[in-house]
Amino acid sequence: MNAYEIIMKKRDGGKLSPEEIAFMVNGFTAAKIPDYQMAAWMMAVFIRGMDSPETTALTKTMLDSGDRIDLSAIKAVKVDKHSTGGVGDKVSLVLAPLVAALGVPVPMMSGRGLGHTGGTLDKLEAIPGFRVSLSEEEFIKQVSEIGVAIIGQTRKLAPADARMYALRDVTATVDSIPLIAGSIMSKKLAAGPDAFVFDVKTGRGAFMRTFEMAEEMAKTLVDIAVLSGKNARALITDMNQPLGNTAGNALEITETIACLRGRGPKDLMTVTLEIAGMMLEMGGAATDIAEGRKMAQKAIADGRALAKFRAMVEAQGGNPACLDDPSLLGKAGKQLEIRADYPGWIQEIDALEMGMICVSLGAGRARAEDALDMTAGIVFAKKVGDRVGPGDLILTIHHNLDDAAGEADRCRAAVRIGDSPGPERPIIHKIVDKTGVHPYF
């Protein structure tokens, strides 16, 4: 077995065996296969693709390159959730404590934002003192005692992924669905859950811009989980406009607190409650998704969800006073309002452009080493389908720049006002499980 023959086999459309995949991944991780051969192999995978058994074998090899967190001492069914990323996506922040408050443990390993998408870890670090870097022992202890923890990946988990991602980033192979799915699932499986729900975003502000790409990704993630012996479902959800009413780290924590107090916006809570229903049903706390949704609504109404979020914040070193007084999260020094010039209906709020504007404001990072302005971002007063009159507030830019005139111009250009509401867009498009793709009603 040698790298040249395996590269040629995949280049010509052949199906690789688990042993051939392991040979490439393990050889590269051990520095026995050079970058140029691994780059050629990944490009062959990018062009030719992988079927579900191949992608599962890739995931298993990457998973086996490092440690696994053993949560077997926690006897309840442990359910995790993963989003493929978007703008204003704070679903995990609301969802994890909400589901844990109803008796289903949520061991969540999340990531940081890069490019136009925000990161769950960055948002949590807007809470003064919050620690996302827990040891494996601390992670297990916290999930066991309070039922929820959200942490970053440790260096011992799936180290092959880190090496492969760095090479993908400079060889135009980042957008390969098998490589993306293998990267996601090797880390998710290492964290020890029994079941998964995947929120696969589609649209202008998503990595999966087309519905076809989103459907393929959703099916691939579910297939890997199922072939790995886990229960799994996926939703395909809309990301043509920012989710919720805020984009930016401290702003999104403030909105998370509002959601947990029962004051969440419709689009954000529709996605959150649907996933909560799924997780509660998969975890055995609800007989079906509909019952799970009702249980989740009640846990928000009676304060249990907020109390669980408070417990998580305290356990991970954050200042719980921020939940009672979000002004303690800090506020940007300047606010710039964008108002409507003429009457009509909001027909578009370009999620990708709004995400890139947030990067320009300092709320996101263009490079992994970039520092963040936790108080910067955008608050949306209007959403797609809303009617506006001349002078009505559309959004407010929160910033600490010397001059945000350029960002203001970009915001104006990213919002389109028309003479009709336009067609209504669904928030949830489809549901995917091991039996296939199903309509959402």
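Treat the numbers as computed from the prediction; the structure is a model and nothing was measured. (Residues numbered from 1 in each chain as written. Predicted model: local features only at pLDDT ≥ 70, side-chain atom pairs only at ≥ 80, totals over all residues. Heavy atoms only, no water.)

> What exactly am I supposed to notice about the sheet that holds strand β10 (residues 387-388) here?
Each strand in a sheet pairs with its neighbour through backbone hydrogen bonds, running either in the same direction (parallel) or in the opposite one (antiparallel). Judged by pairing direction, the sheet is antiparallel, and its three strands sit side by side in the order β10-β8-β12 without closing on themselves. The sheet terminates laterally at β10 and β12 (415-418), the two strands that pair on one side only. Here strand β8 (residues 344-349) pairs with β12 via four bridges, running antiparallel. Following the sheet pairing, Glu-348 is matched in β12 by Arg-416. Sheet contacts for helix α17 (residues 405-414): β8 and β12; angle to β12, the most-contacted strand, approximately 40°. (Pairing = 2+ DSSP bridges. Helix = DSSP H or I, 4+ residues; strand = E, 2+ residues; numbered from the N terminus. Contact = heavy atoms within 4.5 Å. Axes fitted to C-alpha atoms, helices over the stretch in contact; angles between N-to-C directions.)

> I tried to follow the packing of helix α4 (residues 52-64) against helix α9 (residues 177-190) on my own but got confused; where do I start?
Each pair of packed helices can be described by the angle between their axes along with the distance between the axes. One way to put it is that α4 packs onto α9 with a least axis distance of 8 Å and a crossing angle of 45°. The angle between the axes of α4 and α9 places the two elements in the oblique class. Where α4 crosses over α9, the handedness of that crossing is right-handed. For the pair formed by α4 and α9, the contact residues are Thr-55, Leu-58, Thr-59, Met-62 and Leu-63 on the first element and Pro-178, Leu-179, Ala-181, Gly-182, Ser-183, Met-185, Ser-186, Leu-189 and Ala-190 on the second. Classifying every residue of the contact of α4 with α9 gives nine nonpolar, five polar and no charged. (Parallel < 35°, antiparallel > 145°, perpendicular 65-115°, else oblique. Left-handed = near helix turned anticlockwise from the far one by under 90°. Nonpolar A, V, L, I, M, F, W, Y, C, P; charged D, E, K, R; others polar.)

> Which parts of the structure should I look at to understand the pattern of salt bridges?
Opposite charge on two side chains allows them to pair when their charged atoms are near. Overall, the coordinates contain 32 salt bridges when judged by the stated rule. The shortest N-O distance in the salt bridge between Glu-54 and Lys-10 comes to 3.0 Å. Of this pair, Glu-54 sits in helix α4 while Lys-10 sits in helix α1 (residues 3-11); the two residues are 44 residues apart in sequence, bridging distant segments of the chain. Of the two residues, Glu-54 and Lys-10, both sit in the buried class. (Salt bridge = Lys/Arg side-chain N within 4 Å of Asp/Glu carboxyl O. Buried < 20%, exposed > 50% of the residue type's maximum accessible area, 1.4 Å probe, protein only.)

> Hey, could you run me through the environment of Ile-224 in this one?
Its place among the elements puts Ile-224 in helix α10 (residues 211-227). For Ile-224, a relative accessible area of 0% corresponds to the buried category. On a C-alpha basis, the gap between Ile-224 and Gly-182 in space is 8.3 Å, while along the polypeptide they are 42 residues apart. Those residues in contact with Ile-224 that lie beyond four places of it in its chain are Thr-55, Thr-56, Thr-59, Ala-181, Gly-182 and Met-185.

> Looking at this structure, how should I read the side chain of Thr-84?
Mapped onto the elements of the fold, Thr-84 is located in the loop between β1 (79-83) and α5 (91-100). In terms of polar contacts, Thr-84 uses its side chain to reach the backbone amide nitrogen of Lys-201, at 2.9 Å. Sequence-distant contacts of Thr-84, defined by excluding residues within four places in its chain, comprise Asp-199, Val-200, Lys-201, Phe-207 and Met-217. (Polar contact = N/O pair within 3.5 Å; in protein donor to acceptor, adjacent residues only side chain to side chain.)

> Help me understand the side chain of Thr-59 in this model?
In this fold, Thr-59 is placed in helix α4. A relative accessible area of 1% means that Thr-59 is categorised as buried. Ignoring sequence-local partners within four residues, the contact set of Thr-59 consists of Ala-181, Gly-182, Met-185, Ser-186, Leu-189 and Ile-224.

> Mind showing me how you'd approach helix α16 (residues 351-361) here?
Residues spaced three or four apart along an α-helix point in a common direction, a consequence of the helix completing one turn every 3.6 residues. Burial analysis of α16 places eight of its 11 residues in the buried class, which makes it a mostly covered element. Looking only at α16, the buried set comprises Ala-351, Leu-352, Met-354, Gly-355, Ile-357, Cys-358, Val-359 and Leu-361. For α16, the secondary structure elements touched by its buried residues are β6 (246-247), β8, β9 (377-380), β11 (393-399), α17 and β12. Capping the start of α16, Asp-350 holds a side-chain oxygen 3.1 Å from the backbone nitrogen of Leu-352, two or three residues further along.

> How should the environment of Val-91 be read in this particular structure?
Checked against the element boundaries, Val-91 lands in helix α5. Classification of Val-91 by relative accessible area gives buried; the value is 0%. Beyond its immediate sequence surroundings of up to four residues, Val-91 is in contact with Lys-81, Leu-243, Leu-268, Val-271, Thr-272 and Ile-275.

> Mind showing me how you'd approach unusual backbone geometry here?
What is expected of a backbone is that most residues other than glycine have negative phi and most peptide bonds are trans. In this structure, Ala-31 takes a positive phi of about 65° despite not being glycine. Mapped onto the elements, Ala-31 comes out in the loop between α2 (18-29) and α3 (35-48). In this structure Ala-31 comes out as exposed when scored by relative accessible area, which is 60%.

> Just checking my understanding: could you explain the packing of helix α12 (residues 266-282) against helix α13 (residues 289-301) for this structure?
Running from amino to carboxyl end, α12 crosses α13 at an angle of 115°, the nearest separation of the two axes being 7 Å. The handedness of the crossing between α12 and α13 comes out as right-handed. Residue-level inspection shows Met-269, Leu-273, Glu-274, Ala-276, Gly-277, Met-278, Leu-280 and Glu-281 of α12 in contact with α13, the latter providing Ile-289, Gly-292, Arg-293, Met-295, Ala-296, Gln-297 and Ile-300. Partitioning the contact of α12 with α13 into residue classes produces nine nonpolar, three polar and three charged.

> Hey, could you run me through the sheet that holds strand β13 (residues 428-433) in this one?
Strand order across the open sheet formed by five strands is β1-β4-β5-β13-β14, with mixed pairing between neighbours. Pairing within the sheet leaves two strands with one partner each, and these edge strands are β1 and β14 (436-439). In this sheet, adjacent strand axes meet at a mean angle of 20° when their direction is disregarded. Here β1 pairs with strand β4 (residues 195-202) via five bridges, running parallel. Bridge pairing in β4 links His-82 to Phe-198.

> I'm lost on the pairing of β8 in this one. Help?
Across a regular strand the side chains alternate sides, sitting on one face of the sheet and then on the other. With five of six residues buried, β8 is to be regarded as a mostly interior element. With two bridges connecting them, β8 and β10 associate as antiparallel partners. Within β10, the residue paired with Gly-344 across the bridge is Val-388.

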